[in-house]
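Geometric and topological summary
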Amino acid sequence: MIELKTIWTISKYTFIELMKSRVIYNTLFLGFGLICISYIAAEFAYGVPQKVALDFGMGALSLSACGIALFLGGPLIKNEVESRTIQMILSRPVKRESFIFGRVLGMSLLLALNVSVLGLMTTSVYFFMGGEFQSLLIWTILFSLLESIILLNVVVLFSMFTTTTLSVIYTIIILILGHNIINSLELEMVKANSFLEGIIKTYSFIFPDLTKLNIKDFLLYDNSLSVSYLLKSTSYGLLYSGVILVITAWVFGRKDLE
Amino acid sequence: MIECRRINKVFKSDILEGPTEVLKDVSFTIKKGETIGFLGANGAGKTTLIKTILGFIKATSGDILFDSHEMGNTREENLQNVGYLPERPYFYPHLKGREFLTLMGKLSRVEKVKFEQAISKWSQRLGIDFALDKQINSYSKGMLQRLGFVSTLIHDPKILIMDEPLSGLDPVGRREFKDVLSEVYRAGKTVFFSSHIVGDVEEICNQVVVLEKGSVVYDGLISDLIKTHSGSKVRFTVRGKVESLMGTSSNSFGNQSTSFLIEQDKKDNFLKEIINKDIDLINMSIENQTLEEVVYKIRKND
Ligand SMILES: Nc1ncnc2c1ncn2[C@@H]1O[C@H](COP(=O)(O)OP(=O)(O)O)[C@@H](O)[C@H]1O
Ligand SMILES: [Mg+2]
């Protein structure tokens, strides 16, 4: 119980710290700009205008959430260790795990705020142009958040072993592979080669399969998705993040903090 | 309260130079109600040992033992009783001083009223109350040090562990820090702080642990150290200019007087000589060596 209070305190201060760092305003500004462009593009582009706007808007939202997760997540723990502020915190009755959980939770809250604001802006434009409500709107936004939280956890884990820059680069690679590698299972070449198939299956067991969370096309083409699929993907996202987080906490508990 | 038992620390990080042995079999005990100076030159390993005590780094071998009666059983209970100030403290620059102290208070598991009272008391005492509502990134080095000191006191810990708390302060700040250290010591807290300045330790502490290249070369009372390691000399001051007496050349002389530093066992003969030669003796006193001289001596002997 008291541990939860500690985690909450740390996440609250992390959130405040990240808000004050102003990076968030830049991404919101960027997102806002993209949504404006999407509005203009929708007017001229070939296709249903509100769908074009939605496509742009959701793209911007996902990009900004992943961007924030990567570039604020990389230094999230590392900076604390290097600037030795962590020594002040850990000289109090605070478990190292609680510190990690609190930092990641605070950062996740920031991602949630970012996604909510951009999601609200995107859907407003969409409704303004005459789009109709679908529950997949909410799910798409939620899945963008989940994706960014997975990336956050991955980049934090990498940062336990290497520099901030390298952990961001590795995570970008994971992001790109995570969106594409599963699709390659459909390729004839892969189907014909059981070794290759095995490698890819092992990969997607260890690294995140982000295609599970990519439902934008279903939203755009008015396709529906079963509730069980949506819940399964949500559980996948949460579980994956949770496991990575626990590994990070375990590694961090064994590090020398110089 | 805290015992360091045969602590060794080897850093393996440097591939080119191989492992470096930073702490070698360091053992000593911090007893309740003492002020202990942890004295050593730069690079002696003081910071490394303090980080080991706090659990930031793990010793290669050896144990840090907290007295469970005084300090509790779990690591969290132990830390609730410790006020720690790192070397060159660095805080969240975007927070205000008060926000930072509140964060530390909340994490320390003490009641809000208690730590808020302590914040106002100690920030006034350490002259930082005027800046508590300013952002920390506008603080000077001395102000940061003061803020750090306040943060070590807000949860009313039983022991203060401070890494070079006096470095980076101006003379006024040094005086104030020393006063507060003496004050909390008189109020019953145990104080353990590192320093590379002998005078600071001598002024504040009754005990000293001297660390030299990772090994403890002395651990005990400062007065004992001085007594055992100084062959207490006697200073004779005589009127006028005297170049030498009994084959001993004068230690210093001005126009009016000359002084000689004489070993204890030769002082009687020396006094006789003065009387025989009909020299006017002005003063005769035991010359106590300072800790500085003694520590210098220990180092040379090793
Ligand atoms: N992480 C590390 N890797 C290798 N050597 C280190 C590390 N940290 C400290 N040292 C070395 O340990 C020695 C003691 O350092 P330190 O404990 O900071 O001394 P002090 O605080 O007494 O000045 C120094 O020679 C320093 O170079
Ligand atoms: Mg040091």
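Residues numbered from 1 in each chain as written. Chains lettered and ligands numbered in written order. Predicted model: local features only at pLDDT ≥ 70, side-chain atom pairs only at ≥ 80, totals over all residues. Heavy atoms only, no water.

Focus: the sheet that holds strand S5 (residues 82-85) of chain B
Residue and element names in this part refer to chain B.
- Here six strands make up an open sheet; going across it, the order is S5-S6-S7-S3-S8-S9 and the pairing mixed. The open sheet terminates on both sides in strands that have one partner only, identified here as S5 and strand S9 (215-221). For this sheet, the mean inter-axis angle between neighbouring strands, taken without regard to orientation, is 10 degrees.
- Pairing analysis gives five bridges linking strand S6 (residues 159-163) to strand S7 (residues 190-195), with the strands arranged parallel. Residue pairing across strands places Met162 opposite Phe193, the latter belonging to S7.
- On top of the sheet, helix H1 (residues 46-54) reaches strand S3 (35-39), S5, S6, S7 and strand S8 (207-212); it is set at about 145 degrees to S6, its chief contact.
- Packed onto the sheet, helix H6 (residues 141-153) meets S5 and S6 and runs at close to 165 degrees relative to S5. (Pairing = 2+ DSSP bridges. Helix = DSSP H or I, 4+ residues; strand = E, 2+ residues; numbered from the N terminus. Axes fitted to C-alpha atoms, helices over the stretch in contact; angles between N-to-C directions. Contact = heavy atoms within 4.5 Å.)

Concerning the coordination of the magnesium ion (ligand 2)
All names here are of chain B.
- Only Thr47 (OG1) and Glu87 (OE) from the protein coordinate the magnesium ion (ligand 2), and they sit 2.0 to 2.6 Å from it. Of this pair, Thr47 sits in helix H1 while Glu87 sits in the loop between S5 and helix H4 (97-107), and the two are 40 residues apart along the sequence.
- Its relative accessible area of 22% is what places Glu87 among the partly exposed residues. (Donors = N, O, S within 2.8 Å, 3.2 Å for Na, K, Ca; no water. Buried < 20%, exposed > 50% of the residue type's maximum accessible area, 1.4 Å probe, protein only.)

What about the side chain of Thr48(B)?
All names here are of chain B.
- Topologically, Thr48 is positioned in helix H1.
- The buried category is assigned to Thr48, whose relative accessible area is 13%.
- In contact with Thr48, not counting residues within four places along its chain, are Lys9, Phe11, Val22, Leu23 and Ile57.

Quick look at the site of ligand 1
- Taken together, 13 residues surround ligand 1, and among them Gly43(B), Gly45(B), Lys46(B), Thr47(B) and Thr48(B) come closest.
- Nearby residues around ligand 1 are contributed by chains A and B.
- The separation between an oxygen atom of ligand 1 and a polar side-chain atom of Thr47(B) is 2.6 Å.
- Between ligand 1 and Thr48(B), the relevant distance is 2.6 Å, taken from an oxygen atom to a side-chain nitrogen or oxygen of the residue. (Near = heavy atom within 4 Å. Polar contact = N/O pair within 3.5 Å; in protein donor to acceptor, adjacent residues only side chain to side chain.)

Things to note about the pairing of S7(B)
Residue and element names in this part refer to chain B.
- With respect to burial, S7 is a largely interior element, six of its six residues being buried.
- Residue alternation in S7 divides its side chains into two sets, Thr190, Phe192 and Ser194 and Val191, Phe193 and Ser195, and both sets are buried.
- Pairing of S3 with S7, which is carried by five bridges, proceeds in the parallel orientation. Looking at S7, one finds that Gly37 is bridged to Phe193.
- Chirality of the crossover, the property in question, places the unit of S6, helix H7 (residues 171-186) and S7 among those that are right-handed. (Right-handed = clockwise from strand over helix to strand, strands pointing away.)

Details of helix H7 (residues 164-180) of chain A
Residues and elements named next belong to chain A.
- Between its first and last C-alpha, H7 extends 25 Å over 17 residues, near the 24 Å set by a 1.5 Å rise per residue.
- Residues of H7 that are buried include every one of Ser167, Val168, Thr171, Ile174, Leu175 and Gly178, and no others. Considered in projection along H7, the buried side chains sweep an arc of 120 degrees and stay on one side of the axis.
- Looking at the packing, one finds that the buried side of H7 touches helix H3 (49-82), helix H6 (135-159) and helix H9 (194-206). (Expected span 1.5 Å × (residues − 1). Arc of directions from axis to C-beta.)

Here we look at a nonpolar patch on the surface
- A surface patch of nonpolar side chains, about 390 Å² in accessible area, is lined by Leu166(A), Ile169(A), Tyr170(A), Ile173(A) and Leu177(A).
- By secondary structure assignment, the location of Leu177(A) is in helix H7. (Patch = residues over 30% accessible without salt bridge, like charges linked within 9 Å, V, L, I, M, F, W, Y side chains within 5 Å. Areas by Shrake-Rupley, 256 points an atom, 1.4 Å probe, with all protein chains shown as cover. Salt bridge = Lys/Arg side-chain N within 4 Å of Asp/Glu carboxyl O.)

Focus on the sheet that holds strand S1 (residues 2-11) of chain B
Residue and element names in this part refer to chain B.
- The strand order S2-S1-S4 describes an open sheet built from three strands, whose pairing is antiparallel. The open sheet has two edge strands, strand S2 (20-30) and strand S4 (61-66), and neither has a second partner. The average angle at which neighbouring strand axes cross in this sheet is 15 degrees, direction not considered.
- Pairing analysis gives seven bridges linking S1 to S2, with the strands arranged antiparallel. Residue pairing in the sheet places Ile7 in a bridge with Val26 of S2.
- Running at roughly 120 degrees to S1, H1 makes contact with S1, S2 and S4 of the sheet.

A short note on the environment of Val156(A)
All names here are of chain A.
- With respect to the secondary-structure elements, Val156 resides in helix H6.
- Val156 gets classed as buried once you look at its relative accessible area, which sits at 1%.
- If we ignore the near neighbours within four places in the chain, the residues touching Val156 are Gly73, Leu76, Ile77 and Thr248.

Digging into the packing of helix H2 (residues 23-44) of chain A against helix H5 (residues 96-128) of chain A
Residue and element names in this part refer to chain A.
- Direction vectors running N to C along H2 and H5 enclose 15 degrees, while the axes themselves pass 11 Å from each other. It follows from the interaxial angle that H2 and H5 lie roughly parallel. Here the hand of the crossing between H2 and H5 comes out right-handed. In this structure, H2 uses Ile24, Thr27, Leu28, Gly31, Phe32, Ile35 and Tyr39 to contact H5, whose residues at the interface are Leu110, Asn114, Val117, Leu118, Met121, Thr122, Val125 and Phe128.
- A class-by-class count of the residues in the contact of H2 with H5 yields 11 nonpolar, four polar and no charged. (Parallel < 35°, antiparallel > 145°, perpendicular 65-115°, else oblique. Left-handed = near helix turned anticlockwise from the far one by under 90°. Nonpolar A, V, L, I, M, F, W, Y, C, P; charged D, E, K, R; others polar.)

Considering the pattern of salt bridges
Residues and elements named next belong to chain A.
- Within the structure shown, the criterion is met by 29 salt bridges over all chains.
- Glu3 is paired through a salt bridge with Lys95; the nearest N and O atoms lie 3.7 Å apart. Linking Glu3 in helix H1 (residues 2-20) with Lys95 in the loop between helix H4 (85-90) and H5, this pair joins segments that are 92 residues apart in sequence.
- Looking at Glu3, the relative accessible area reads 18%, which means it is buried.
- Notably, a salt bridge pairs Asp55 with Lys216, separated by 3.0 Å at the nearest N-O pair. Highlighted residues: Asp55 in helix H3 and Lys216 in helix H10 (residues 216-220), separated in sequence by 161 residues.
- A relative accessible area of 33% means that Asp55 is categorised as partly exposed.

Examining H3(A)
Residues and elements named next belong to chain A.
- Compared with an ideal rise of 1.5 Å per residue, which puts 34 residues at 50 Å, H3 spans 49 Å between its outermost C-alpha atoms and is within 8% of the ideal.
- Of all 34 residues making up H3, 24 are buried, and the element is well covered by its neighbours.
- Downstream of H3 by one or two residues, Arg84 has phi in the positive range, about 65 degrees.

So far we have only geometry, and geometry alone does not tell us how the molecule works.
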